[in-house]
Amino acid sequence: MKACELNSERDRKRKWRFLFACFLLEVLFLGQASGQQDPYCVFTKRDSVKGIKVTTDLLRSEMSELNISLASSMQSLNRGTIEAMENVTTSASSLLNSTSSRLVNVEVLTNNSVSRVDELEVQSFNITSKQEDMEQTLAELMLELAELQGEVAILSEECDRGYFGENCTMCNCTNEGICDDGKKGSGRCICFEGVGGSRCEQCRSAGRIWPDCTECMSGYFGQDCAACPVCNEPTQCHDGLDGSGECIQIEYVYNFTGSAQQFVIPPYASILLVDVYGASGGQGYYFVSDARGRGGKGCGVTAQFSVVKGSANISKSELHINTTLYVYVGGKGDDAINQSSDAFGGWNGGGRGDWIGNYRGGGGGGGSDIR
């Protein structure tokens, strides 16, 4: 809007300048026509004066319109200037308010910083006081230490640890006891719980194993490790801490180890009962439903043998005393995992797991036998 007003004003100025130039020409022409003494002056008609007057009136009208336009433009310019000044004043007021708020925050932070500095000064004073107290305590401890060193010097004639009597004779106790040492000591060994003997060199109970004195020796049973009764062959005492002390049949248990194990037949006539069980098979796998089948358990067999002495000809159901037997305990078969991996059989003859369609069987369990 302001740009349009400025363009209109420029057009009016140009028009006014043109009319003013025409007016000057008319004045010059009127001066010549009014009879000035000039050799080139000529007379004009009266209509020329009227034309000049009309032109003058028109020029005055244009000048009046120009003044009105200039006044209107000045008013618009003043209004725009006033509005701009008001906007500047508003912005300045807002900026001043923001600056005042920030100054208040800075003052608060300053107050907090001053308060924190005061706290640090108080803490520093407390630390200094504690340091002085510690130095005082340290000085007192050093003084006490010096006094104790003087007392130790007085008692330096006492026997060392582990020595006793006027001549400071070395004690003769094991690690399971404590010696009554010192100048006035007797040298007697004071044994720990469960340990006995003059030197604390044996278990208090005769049936316990030295030096722990917690487990029973072979042929002793119960919590007190009492002696077992005499058992006739082929039985033996049920010994140990959990044993009952009864005469029971001898039982030997062999588990899977992946190698052969030995059993020596007792040196007396007896009956040998044998229970042998094969290992179980591995799990099968059905790939479509991700289902697994349980492997079959190993079969078992029971046999009985007579243990004989000095017989040259024996039957298949007889065994010589002191004969060494080799026991083979089979291993469990592998579980089936996927279609591309084989499920191997267990140790001692287990078969490999085969597959049909989407199902693979687990490896077979290894056999158990005595040779």
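Just so we're clear, the structure is a prediction, and the values are computed from it rather than from any experiment. (Residues numbered from 1 in each chain as written. Predicted model: local features only at pLDDT ≥ 70, side-chain atom pairs only at ≥ 80, totals over all residues. Heavy atoms only, no water.)

## Comments concerning the overall build of the chain
Item 1. A count of helices and strands for the chain gives two helices and 20 strands.
Item 2. Considering only residue pairs separated by 6 or more positions, the chain has 41% of its internal contacts joining residues 24 or more positions apart.
Item 3. Surface exposure of the chain reaches about 27,300 Å², of which carbon and sulfur atoms provide 55%. (Helix = DSSP H or I, 4+ residues; strand = E, 2+ residues; numbered from the N terminus. Contact = heavy atoms within 4.5 Å. Areas by Shrake-Rupley, 256 points an atom, 1.4 Å probe, with all protein chains shown as cover.)

## What to know about the state of the cysteines
Cysteine pairs can be linked by a disulfide, which is a covalent bond between their two sulfur atoms.
Item 1. If you walk through the whole model with that rule in mind, you get eight disulfides.
Item 2. The partner cysteine of Cys 173 in its disulfide is Cys 189, sulfur to sulfur 1.8 Å. On the sign convention where negative is left-handed, the bridge of Cys 173 and Cys 189, at about -100° about the S-S bond, is left-handed. Residue Cys 173 is located in the loop between strand S2 (169–170) and strand S3 (177–179), and its partner Cys 189 is located in strand S4 (residues 189–191); the two are separated by 16 residues in the primary sequence.
Item 3. On the accessibility criterion, Cys 173 (22% relative accessible area) is partly exposed. (Disulfide = S-S within 2.5 Å. Buried < 20%, exposed > 50% of the residue type's maximum accessible area, 1.4 Å probe, protein only.)

## Structural notes on the nonpolar core
Item 1. In terms of nonpolar packing, the biggest core is built from ten residues, these being Phe 263, Ile 265, Leu 272, Val 274, Val 276, Val 307, Leu 319, Leu 325, Val 327 and Val 329.
Item 2. The set of elements that each furnish at least two residues to this core consists of strand S12 (270–277) and strand S17 (324–328).
Item 3. In terms of residue count, the dominant contributor to this core is S12 (three residues).
Item 4. Apart from the residues lying within four places of it in its own chain, the contact partners of Val 307 are Ile 265, Pro 266, Tyr 268, Ala 269, Ser 270, Leu 272, Leu 319, His 320 and Ile 321.
Item 5. Membership of the second largest hydrophobic core comes to five residues, among which are Cys 189, Val 195, Cys 203 and Cys 213. (Core = buried A, V, L, I, M, F, W, Y, C linked by side-chain atoms within 4.5 Å.)

## Points about the packing of aromatic side chains
For any pair of aromatic rings, the description consists of the separation of the ring centres together with the inter-plane angle of the planes.
Item 1. Considering all chains together, one arrives at five aromatic pairs under this definition.
Item 2. For the pair Tyr 254 and Phe 263, a centre-to-centre distance of 6.5 Å together with 85° between the ring planes defines the contact as edge-to-face.
Item 3. When its relative accessible area of 26% is taken as the criterion, Tyr 254 is described as partly exposed.
Item 4. Considering the side-chain rings of Tyr 328 and Trp 347, the 6.2 Å spacing of their centres and the 15° angle between planes classify their relative orientation as stacked. (Phe/Tyr/Trp six-rings, centres within 6.5 Å; stacked < 30°, edge-to-face > 60°.)

## Some points on the sheet that holds strand S19 (residues 359–360)
Item 1. Taken together, four strands build an open sheet; the order of strands is S14-S13-S19-S18 and the sheet is antiparallel. Two strands lie at the open edges of the sheet, namely strand S14 (291–293) and strand S18 (355–356), each paired on one side alone.
Item 2. Pairing between strand S13 (residues 284–286) and S14: three bridges, direction antiparallel. In the strand pairing of S14, Gly 284 is matched with Gly 293. (Pairing = 2+ DSSP bridges.)

## Observations concerning the sheet that holds strand S15 (residues 300–308)
Item 1. Taking strand neighbours across the sheet as the criterion, the three strands line up as S12-S15-S16 in an open arrangement whose pairing is mixed. Strand pairing shows two members of the sheet lacking a second neighbour, S12 and strand S16 (318–320), which therefore form its edges. Each adjacent strand pair in this sheet contributes to an overall mean axis angle of 35°, direction not counted.
Item 2. In this sheet, S15 lies alongside S12 in antiparallel orientation, the contact comprising eight bridges. Residue pairing in the sheet places Val 274 in a bridge with Ala 303 of S15. (Axes fitted to C-alpha atoms, helices over the stretch in contact; angles between N-to-C directions.)

## As for a nonpolar patch on the surface
Item 1. Nonpolar side chains collect at one region of the surface, where Ile 178, Ile 190 and Phe 192 lie side by side and expose about 270 Å² of accessible area between them.
Item 2. Considering the arrangement of structural elements, one finds Ile 178 in strand S3. (Patch = residues over 30% accessible without salt bridge, like charges linked within 9 Å, V, L, I, M, F, W, Y side chains within 5 Å. Salt bridge = Lys/Arg side-chain N within 4 Å of Asp/Glu carboxyl O.)

## Notes on the pattern of salt bridges
Item 1. Per the counting criterion, the structure on display carries five salt bridges.
Item 2. For Asp 335, the salt bridge goes to Lys 332, with nearest N and O atoms at 3.1 Å.
Item 3. Look at Lys 332 and you get partly exposed, because its relative accessible area is 46%.
Item 4. Note that Asp 342 is salt-bridged to Arg 352, the shortest N-O span being 3.4 Å. Of this pair, Asp 342 sits in the loop between S17 and S18 while Arg 352 sits in the loop between S17 and S18, and the two are ten residues apart along the sequence.
Item 5. Looking at Asp 342, the relative accessible area reads 36%, which means it is partly exposed.

## Digging into unusual backbone geometry
Item 1. At the junction of Trp 210 and Pro 211, the peptide bond is cis and its omega measures out at 5° in the coordinates.
Item 2. With a phi angle near 60°, Cys 213 is a residue other than glycine that sits in the positive phi range.
Item 3. Take Cys 213: it is sitting in the loop between strand S6 (202–203) and strand S7 (220–221).
Item 4. One non-glycine residue, Cys 225, lies in the positive phi region at around 55°.
Item 5. Checked against the element boundaries, Cys 225 lands in the loop between S7 and strand S8 (226–227).
Item 6. Classification of Cys 225 by relative accessible area gives buried; the value is 3%.

## Some points on the confidence of the model for the chain
Item 1. The pLDDT averaged across the chain works out to 76; a share of 65% of its residues lies at or above 70.
Item 2. Helix H1 (residues 2–33) is the least confidently modelled element of the chain, averaging 55 in pLDDT, while S17 averages 95, the highest of any element.
Item 3. Scored below 50 in pLDDT, residues 30–50 makes ten contacts in the model with residues more than four places away or belonging to other chains. (pLDDT = per-residue confidence, 0-100.)

## So, the side chain of Ser 368
Item 1. Structurally, Ser 368 can be placed in the loop between S19 and strand S20 (369–370).
Item 2. Separated by 2.7 Å, the side chain of Ser 368 and the backbone oxygen of Tyr 277 make a polar contact.
Item 3. Engagement of the side chain of Ser 368 in a polar contact is seen with the backbone nitrogen of Gly 330, the distance being 2.9 Å.
Item 4. In this view, Ser 368 contacts Val 276, Tyr 277, Gly 278, Tyr 328, Val 329, Gly 330 and Asn 348; residues no more than four positions away in its chain are not counted. (Polar contact = N/O pair within 3.5 Å; in protein donor to acceptor, adjacent residues only side chain to side chain.)

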